[in-house]
Amino acid sequence: MSTLAERLREAMDAAGIKQVQVARAAGIKPPSVADWLNGKTKNIKGANLVTVAQLLNVSEAWLADGALPRERKLDSDWPFPSIPKDRYYALSAAQRAGIEEWVSRQVAAYGDPPDVKSGGSERAA
């Protein structure tokens, strides 16, 4: 069974997140994150657990004690599994508007979705 330190390091590496980013997101000092990573502190509790799990896009249960699944469950209305919802909403309104405009252009570039009723996978001519 892996330790908190191992799971945290694994998730940080997978997400490309640095220790200082974890500290900033949780509103704590970097030495506290270092304590998690070196095993001095054996658990993350409360809001810090939720915040760090969201930042790293892993489930709180997996981060806390290794319980599967590792993956974070998506909100049913959130279409971007690799982008935690709170990180998106932490952006400024102008930044979010720019992202939404870009996504809208990308969706339009792909054209109309296939006809779901007929089960067809090709666009109508």
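To keep things clear, this report deals only with the structure shown in the data block.

What counts, and at which threshold
Residues numbered from 1 in each chain as written. Predicted model: local features only at pLDDT ≥ 70, side-chain atom pairs only at ≥ 80, totals over all residues. Heavy atoms only, no water. Core = buried A, V, L, I, M, F, W, Y, C linked by side-chain atoms within 4.5 Å. Buried < 20%, exposed > 50% of the residue type's maximum accessible area, 1.4 Å probe, protein only. Helix = DSSP H or I, 4+ residues; strand = E, 2+ residues; numbered from the N terminus. Contact = heavy atoms within 4.5 Å. Phe/Tyr/Trp six-rings, centres within 6.5 Å; stacked < 30°, edge-to-face > 60°. Lys NZ or Arg CZ within 6 Å of the ring centre and 35° of its normal. Expected span 1.5 Å × (residues − 1). Arc of directions from axis to C-beta.

Moving on, we come to the nonpolar core. Core analysis: the largest hydrophobic core is formed by 20 residues, its most contacted members being L8, V22, W36, V52, L56, V58 and L63. In terms of residue count, helix α4 (residues 46-56) provides more of this core than any other element does, five residues in total. Those residues in contact with L56, other than ones at most four positions away along the chain, are L8, A11, M12, A15 and I17.

For S59, the position within the fold is in the loop between α4 and α5 (60-65). Look past the residues within four positions of S59 in its chain and what remains in contact with it is A53, A67, P69, R70, E71 and R72.

The final tally for this structure, using the stated rule, is zero aromatic pairs. If you follow R70 out to its NZ or CZ, it ends over the ring of W62, 4.7 Å from the centre.

Right, let's talk about helix α1 (residues 4-15) for a bit. The end-to-end C-alpha separation of α1 is 16 Å, in line with the 16 Å expected for 12 residues at 1.5 Å each. Within α1 the residues assigned to the buried category are L4, A5, R7, L8, A11 and M12. The buried residues of α1 all sit within an arc of 165° when viewed along its axis, so they share a single face. Within α1, the exposed residues directed more than 90 degrees away from the buried face are D13 and A14. Looking at the buried positions of α1, the neighbouring elements they touch are α2 (19-26), α3 (30-38), α4 and α5.

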